[in-house]
Amino acid sequence: MFTVAGIAMVVFASIGLFMQQISKERKRLSAMGEFHRLLLNLAKRMDFTGETLPMIFHHIAEDEQGEAGRFAGELAMNLSEKGEHSLSVLWQEKVSSFAKRLFFRASTAEILKMVGKTLGTQSEEEEIRTLKHAAAELEEEIKKEKESAAKSEKLLKSGGVLLGLFIVILFL
Amino acid sequence: MDEASLKKEILMQFPLRFRKFFDEIAFGEIQEIRFRASKPLMIYSGKEAYFVTDEGRKTFQQGQAKVVTKEELAELFAAFCDNSVYAFRHEICDGFLTLAGGHRVGISGRCVLKGNEITHIADISGLNLRIAKEYIGCAQKVLPLILRPDKTVANTVFIAPPQGGKTTFLRDLSRLLSERFKVTVVDERSEIAAIKDGIAQFCVGVQTDVLDRFPKAMGMICAIRSLSPEVLITDELGGAEDLLAVKSVMNAGCRIITSMHGDSADEFVGEKRRIYELFDRAVILKRKDGIPQVEVVIDISNQMFNGGK
């Protein structure tokens, strides 16, 4: 009887952990999509409006409600304060804190950090090229992430079926 | 604007860590602040040039001076560009940026050419911040000397060497004349009105329209076609296209007030001479104790000298 209860607890805990993992993956995937759009949006606004980055961040923060919008809003606020740090340092600090909170993988955070190294210091063509390149790399990461999420969901479904069978056997 | 406000306005454009270098510097007499890569930070007032220490004190000893690093220069340049170098491409290609308050940053570095066109200035090696000062009322005394007996404005050219105060006078004249006339300022280098985000940073008058960063000749023609000015003000004429544009403006019955580089009109040759001869009056300016003053007013057609002092 104790053995059965122990096995049941382990199985339930595993399923719980799995569910948590999937929820993290969904959050990460959704945020990655938002940051992908942010990079393309930056490039588009640079190209069409010629506005300065603080202005662009401000407009994006107004238009976007999610994590990327919050990221842009915080950058716009910090830049308007003309504080101790340059845009490059600010961008990288923000990416680090958002990456931690949104469970980004190291490779994703690195792609975003690379953007900050040159952002605002190059000609328009170079800026747009850098942003589009980073967006393409992020798209690849999103593809991989989607594949991994699909595998996890499959695993969860299989685990669910097994658990169902186990419960049925228990009742029998 | 008082000295404290001027200092605050200028230092607001600097990244925070640069502000301490100017803690004990008086901004009242400063004309230029020079940042050169791997060279001491220098300040030029009307009377002297000196260095600044790391603690923000004035010194004449080069060994005690704060040396500007290449990284600091890049950071400063990015801050002057509002962290958006791409957005100031045209200004950078023209070799300067205009900051809030009308202050001007001259840029030196490596020129990137595409054909004959400058497409960028890379490897910034120096920045020269020229502090803009507005002397409201400086043209008050000269105003009666450039009016005709019928109270219309005489076509007038202001002549002075660089930093002689030509733009300062043109700006104040714009303000004064706009009380009575419709004025258009063709401001090719954003020096007269110093437009920033669509707003003139200097007082150029209530009846004044500004064509900001228009090429001079094109701007003069556009103004005549679309803004019907009674007086047109522009800066630093000298080219062949300027000569044609000035003739068009005069033929349209509009008065023109402008400036030319030089110590006196005697040295003008070619197009510059021909432009000069189209005008009625010439005002020669000289800086005394850092303040631009009228040295003499010449009636060009009669070559009679009127005391401008």
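First, a word on what this report is: a plain description of the structure on this page. In this numbering scheme, every chain counts its residues from 1 along its sequence in written order. Chains carry letters from A onward and ligands carry numbers from 1 onward, assigned in written order. It should be noted that, the model being predicted, local features are given only for residues of pLDDT at least 70 and side-chain atom pairs only at 80 or more, the latter also being counted only at that level, while totals for whole chains, interfaces and linings use all residues. As a convention, hydrogens and water are excluded, and side-chain values are obtained from all of the structure's heavy atoms.

### Looking at the overall build of chain A
Looking only at helices and strands, chain A has six helices and zero strands in total. Secondary structure elements follow DSSP: runs of H or I no shorter than four residues count as helices, runs of E no shorter than two count as strands, and numbering proceeds from the N terminus. Starting at the N terminus, the α and β elements of chain A follow one another as α-α-α-α-α-α. A globule of 172 residues ought to have a C-alpha radius of gyration of about 16 Å, yet chain A, at 22 Å, is considerably larger. Accessible area is worked out with a 1.4 Å probe on protein chains only. A residue is then buried under 20% of its type maximum, exposed over 50%, and partly exposed in between. Expressed as a percentage of the 172 residues in chain A, the buried residues total 39%. For chain A, the exposed surface amounts to about 9,900 Å²; the carbon and sulfur share of it is 63%. As used throughout, the charge tally considers Lys and Arg to be positive and Asp and Glu to be negative, leaving His and the chain termini uncounted. Here the site of a charge means NZ on Lys, CZ on Arg, CG on Asp, or CD on Glu. Chain A carries 23 positive and 24 negative side-chain charges, and their two centres are separated by 8 Å. Here the globule rule reads 2.2 Å times residues to the power 0.38, and the radius of gyration is calculated from C-alpha atoms. All accessibility values rest on the Shrake-Rupley procedure with a 1.4 Å probe; residue burial counts only the protein chains present in the view.

### Considering the overall build of chain B
In terms of regular secondary structure, chain B is built from eight helices and 19 strands. Dimensions along the principal axes, computed over C-alpha positions, put chain B at roughly 60 × 45 × 35 Å. Within chain B, the fraction of its 309 residues that count as buried is 53%. Here the analysis covers contacts within chain B between residues at least 6 apart in sequence; of these, 59% occur between residues at least 24 apart. Carbon and sulfur atoms form 50% of the exposed surface of chain B, whose accessible area is close to 14,000 Å². Contact between two residues is taken to exist if any of their heavy atoms lie within 4.5 Å; hydrogens are not considered.

### A word on the sheet that holds strand S8 (residues 104–114) of chain B
All names here are of chain B. Pairing between two strands is assigned when DSSP locates at least 2 bridges connecting them. Spatial strand order, S5-S4-S3-S1-S9-S8-S7: seven strands in an open sheet with antiparallel pairing. The outermost strands of the open sheet, each flanked by one partner alone, are strand S5 (58–59) and strand S7 (96–98). Pairing of strand S4 (residues 49–52) with S5, which is carried by two bridges, proceeds in the antiparallel orientation. Across the sheet, the residue bridging to Phe51 is Thr59, located in S5.

### Things to note about the interface of chain B and chain A
Contact residues are listed per partner, giving 15 residues for chain B and 20 residues for chain A. Buried area: the sum, over both parts, of the accessible surface (1.4 Å probe) that disappears when the two are put together. The junction of chain B with chain A conceals about 1,400 Å² of combined surface from both sides, 52% of it contributed by carbon and sulfur atoms. Salt bridges are defined by distance alone: a side-chain nitrogen of Lys or Arg within 4 Å of a carboxyl oxygen of Asp or Glu. At the junction of chain B and chain A, the tally comes to one salt bridge. With a shortest N-O distance of 3.8 Å, Glu125 of chain A and Arg89 of chain B are connected by a salt bridge. Residues adjacent in sequence count toward polar contacts only when both atoms are side-chain atoms; beyond that, a polar contact is any pair of N or O atoms within 3.5 Å, and within protein one must be able to donate a hydrogen and the other to accept it. Where chain B packs against chain A, one counts five residue pairs in polar contact (both at pLDDT 80 or more). Sorting the residues of the side of chain B that touches chain A by element identifies helix H2 (16–19) and helix H3 (70–80) of chain B as the ones contributing at least two each.

### Considering the packing of aromatic side chains
Ring pairs are drawn from Phe, Tyr and Trp, using the six-membered ring of Trp, whenever the two centres fall within 6.5 Å, and their geometry is named by plane angle: stacked under 30 degrees, edge-to-face over 60, tilted for the rest. Within this structure, the stated rule accounts for 15 aromatic pairs over all chains. Ring plane angle 65 degrees and centroid distance 5.3 Å describe the contact between Phe14 of chain B and Phe22 of chain B, whose orientation is recorded as edge-to-face. Across the pair, exposure class does not vary: Phe14 of chain B and Phe22 of chain B are buried alike. On the numbers, 6.1 Å between centres and 75 degrees between planes, the contact of Phe22 of chain B with Phe27 of chain B is edge-to-face. In this structure, Phe22 of chain B and Phe27 of chain B share a single accessibility class: buried. Two limits define a charge over a ring: the Lys NZ or Arg CZ must be within 6 Å of the ring centre, and within 35 degrees of the ring normal. When the ring centre of Phe98 of chain A is taken as reference, the NZ or CZ atom of Arg101 of chain A above it lies at 4.8 Å.

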